[in-house]
Amino acid sequence: MKKLITAVCMSAVFFYSCSNANIQQDAQAFLDSYTEEYLKLYATSSEAAWKLNIEIIPDDETNKNAAQKADEAMAAFTGSKENIEQAQHFLELREELTDIQAKQLEAILYAAANNPATVEELVKERIAAENEQTEKLYGFQYTLNGEKVSTNDLDETLKTEKNINKRLAAWEASKEVGPTLKDGLVNLRNLRNQTVNALGYNDYFSYQVSDYQMDTDEMMQTMERLMNELYPLYRELHTWMRYELAKKYNAEVPEYIPAHWLPNRWGQDWSSAVEVDGLDINGILSQKTPEWIVKEGEKLYTSIGFPSLPETFWSKSSLYPYPADSNVKKNNHASAWHMDLQNDVRSLMSVEANSEWWETANHELGHIYYYMTYTNPDVPPLLRGGANRAYHEAIGSMMGMAAMQKPYLVGRGLVDENVEVNEIQSLLKESMNAVVFMFFSCGTMSHFEKSLYVDNLPADQLNAKWWEYVKKYQGILPPSERGEEYCDAATKTHINNDAAQYYDYALSYVILFQLHNHIAKNILHQDPRATNYYGQTGIGDFLKEITYPGASKDWRKVLKESTGDELNATAMLEYFKPLESWLKEQNVGRICSLPEKL
């Protein structure tokens, strides 16, 4: 990162005493002043963004304009020359500061890099472009066979429909939004790259990666290492899936899996293609209400020692779907929000009474409880975040996974205790989520966004590059030729509005298995494949120790101290080891179409 000022104790800009105590006092005075204003702007920006996400009205730009105004105010403050210069000045005197002061100053500079005042008009243009892209994505009216449908409708079709032509129609309908987003995506790529250039980052991807104290090469090598560790298992899964789907659709076994054969729009999760005898809870959940599902999620957390959700969570969240034909739309991607970095926590979901939302609700509440735990006097507001971004997803995903294991479901009255559950079926279903997802996240998404931002991928190669990666890393092909008139990457929400950080999810899956493995073996003394977290306050104590410091503690140290291990996929591989042996037996005599090595 470029230094805007030289390291001097007395300069033309600053007049501070050089004693350690006074330097710390002066730094703290700056941090306190910055934080006070930051919290005001953050809350205003969050409220505007919230409204933009839950109230998208055709031809009404009121919310978009309000969000842009709030974002511009936040950008002007975080990217101001004065704040940049003061933060850099104090960091030049790092040895005189406390560690937590230095971390806050680094957070200030990280935020500034996305909004530097030196390119103020560029920042405003980027903010406007981001809000417009969000509005286009979530304001889009999907149609299927001339009928208005929601993304939930399309997802359900891909999970349950057996007619291959109807599946194709639903898959193609899910991609209709892509062409409307292509120009906006290219524009955003250029604006994001140019914005962070101003504070010395080569590109937006490298900027986002730096939050892990890594450079781009190190992150991509990490992605490759994790995939290589898991690749033998993925090859077996891919082979099994090709043959099983061909049987299901009465078709020839394909070399690569046609995208519309899979139960997910991006092929990132194949789990709904597998039914686990005794663990299909959709039937009993269909008799429950969406409200019941969220309340049951809260009970899991309170049972292990966390407090009840604040009343404002229930009154201010947007938890349930709008009607498919509603004129008002909302962001249909589940998310959790820390509105003011203090006590206002909310979730944006579209909960329906099924197993997918059962798991998702537990996941999203993991974020909410993470927010609530690091909102404490020992963690300054500027450091109220995960140990790294992946930790937030790891905690949520781990709790979602725990809520799907048989002993837990038995304890919650959703599965009969005497039901025989085939462990291999259960592992197969879980692997179709976790292991399959790793090759979408480490592979397709991370490599595409690296190409987009670092390599400045030309606009006339977006779809070709996307499908090149889908084939290489996931072993999937489009149903037919997809030319550059499409922009299938942009149908994935994160490509547009959570950009250049999808590796967060890949790392989170690795971390969650490491954490879950430790919990199962050292706290519960149970098989990691069959646990019941409910009522186990030792788990709550363990999680509080991890989540309480927020971002004030180095993420590698948190992982090492909590699990005794470095970042690796060993725990995930161990979890699925019985499955890998079974798959090899099933695949005897079958042709494995994926290469032996990535």
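Scroll up to find the structure.
Definitions and limits used
Residues numbered from 1 in each chain as written. Predicted model: local features only at pLDDT ≥ 70, side-chain atom pairs only at ≥ 80, totals over all residues. Heavy atoms only, no water. Core = buried A, V, L, I, M, F, W, Y, C linked by side-chain atoms within 4.5 Å. Buried < 20%, exposed > 50% of the residue type's maximum accessible area, 1.4 Å probe, protein only. Contact = heavy atoms within 4.5 Å. Helix = DSSP H or I, 4+ residues; strand = E, 2+ residues; numbered from the N terminus. Pairing = 2+ DSSP bridges. Axes fitted to C-alpha atoms, helices over the stretch in contact; angles between N-to-C directions. Parallel < 35°, antiparallel > 145°, perpendicular 65-115°, else oblique. Left-handed = near helix turned anticlockwise from the far one by under 90°. Nonpolar A, V, L, I, M, F, W, Y, C, P; charged D, E, K, R; others polar. 1 Å grid on protein atoms, 1.4 Å probe; cavity = no way out; pocket = protein on both sides within 12 Å on 5 of 7 lines; lining within 4 Å. Points joined across faces, edges and corners; volume = space filled by probe spheres on them. Phe/Tyr/Trp six-rings, centres within 6.5 Å; stacked < 30°, edge-to-face > 60°. Lys NZ or Arg CZ within 6 Å of the ring centre and 35° of its normal. Expected span 1.5 Å × (residues − 1). Salt bridge = Lys/Arg side-chain N within 4 Å of Asp/Glu carboxyl O.

Engineer: I'm lost on the nonpolar core in this one. Help?
Structural biologist: Among soluble globular proteins, nonpolar side chains are generally buried collectively. Grouped together as the largest cluster of nonpolar side chains are 174 residues, with contacts concentrated most on M438, F513 and F576. The contacts of F513, once residues within four sequence positions are left out, are M401, A434, A571, M572, Y575 and F576. By size, the runner-up hydrophobic cluster in this structure holds five residues, among which are W50, I54, W337 and L348.

Engineer: What is the right way to read the pairing of strand β4 (residues 335–338) from this model?
Structural biologist: Residues in a regular strand point their side chains to alternate faces of the sheet. Side chains of β4 alternate between two faces, with S335 and W337 and A336 and H338 buried alike. Adjacent in sequence and paired antiparallel, β4 and strand β5 (residues 345–348) are bridged by six residues, among which L341 carries a positive phi angle near 60°.

Engineer: It is not clear to me how the packing of helix α5 (residues 120–138) against helix α8 (residues 178–197) should be interpreted in this structure. Could you clarify?
Structural biologist: A pair of packed helices can be characterised by two numbers: the angle between their axes and the separation between those axes. Packing of α5 against α8 brings their axes to within 9 Å, and their N-to-C directions diverge by 150°. Taken together, the axis directions place α5 and α8 in an arrangement best described as roughly antiparallel. The crossing of α5 and α8 is left-handed. Along its contact with α5, which presents L122, V123, E125, R126, A129, E130, Q133, K136 and L137, the element α8 presents T180, L181, G184, L185, N187, L188, L191, R192, Q194 and T195. Class assignment for the residues of the contact of α5 with α8 results in eight nonpolar, six polar and five charged.

Engineer: Looking at this model, I keep getting lost on the layout of surface pockets. Mind explaining?
Structural biologist: A water-sized probe rolled over the atoms picks out the places where empty space is left. The computed volume of the second largest pocket comes to approximately 300 Å³. Looking at the second largest pocket, it is lined by 20 residues, and the ones nearest its centre are S150, T151, Y322, K329 and N332. When residues in the lining of the second largest pocket are grouped by element, the largest group, three residues, is from helix α6 (residues 151–160). Residue composition of the lining of the second largest pocket, grouped by class: nine nonpolar, seven polar and four charged.

Engineer: What is the right way to look at the packing of aromatic side chains in this model?
Structural biologist: Geometry of an aromatic ring pair is reported as the spacing of the ring centres plus the angle between the planes. The tally for this structure, following the rule as stated, stands at 40 aromatic pairs. Centroid distance F30 to Y34: 6.1 Å. Interplanar angle 55°. Geometry classified as tilted. Taken together, the residues span about one helical turn, with F30 and Y34 both in helix α1 (residues 20–54) at a distance of four residues. Under the relative-accessibility criterion, F30 is labelled buried at 7%. Ring centres 6.4 Å apart and planes at 55° place the aromatic pair F437 and F440 in the tilted group. Here the residue F437 and the residue F440 both occupy positions in helix α17 (residues 423–453), the gap between them amounting to three residues, near one helical turn. Pair check on accessibility: F437 and F440 agree, each one buried. Here a set of aromatic residues connected by ring pairs shows up, and it is made of F437, F440, F448, W466, Y502, Y505 and Y509. In this structure, K295 packs its charged tip against the face of W314, placed 4.0 Å from the ring centre.

Engineer: Sorry if this is basic, but what is going on with the packing of helix α20 (residues 503–524) against helix α21 (residues 537–547) here?
Structural biologist: The interhelical angle for the contact between α20 and α21, taken along N-to-C directions, is 140°, at an axis separation of 10 Å. Comparing their axes, α21 and α20 come out oblique. Crossing angle aside, the handedness with which α20 passes α21 is right-handed. Every residue of α21 that contacts α20 at L515, H518, I519, I523 and L524 is listed here: G538, I539, F542 and I546. Residue composition of the contact of α20 with α21, by class: seven nonpolar, two polar and no charged.

Engineer: Would you mind going over the pairing of β5 with me for this structure?
Structural biologist: Residue alternation in β5 divides its side chains into two sets, V345 and S347 and R346 and L348, and both sets are buried. Pairing analysis gives four bridges linking β4 to β5, with the strands arranged antiparallel. Bridging across to β5, A336 finds its partner in S347.

Engineer: Mind showing me how you'd approach helix α2 (residues 62–78) here?
Structural biologist: Given 3.6 residues per turn, any residue in an α-helix points the same way as the ones three and four places further on. An ideal rise of 1.5 Å per residue puts 24 Å on 17 residues; α2 measures up with 24 Å between its terminal C-alpha atoms. Within α2, the full set of buried residues consists of N63, K64, A67, Q68, A70, D71, M74, A75, F77 and T78. Where the residues of α2 are buried, they touch α1, α3 (81–92), α4 (99–113) and α5.

Engineer: Looking at this structure, I do not really get the pattern of salt bridges. What am I missing?
Structural biologist: Note on pairing: side chains with opposite charge can pair once their charged atoms come close. What the rule picks out here adds up to 30 salt bridges. When the shortest N-O distance is used, the salt bridge between E85 and K81 registers 4.0 Å. Here the residue E85 and the residue K81 both occupy positions in helix α3, the gap between them amounting to four residues, near one helical turn. Of the residues examined, E85 reaches a relative accessible area of 16% and is grouped as buried. Salt-bridge contacts for D488 lead to R482; the nearest nitrogen and oxygen are separated by 2.7 Å. Beyond isolated ion pairs, a larger network of salt bridges with shared partners links E47, K316, D344 and R346.

Engineer: Would you mind going over the environment of M214 with me for this structure?
Structural biologist: Checked against the element boundaries, M214 lands in the loop between α9 (204–209) and α10 (216–248). Leaving out residues up to four positions away in the same chain, M214 has contacts with V209, M219, T222, W555 and R556.

These figures capture arrangement, not role.
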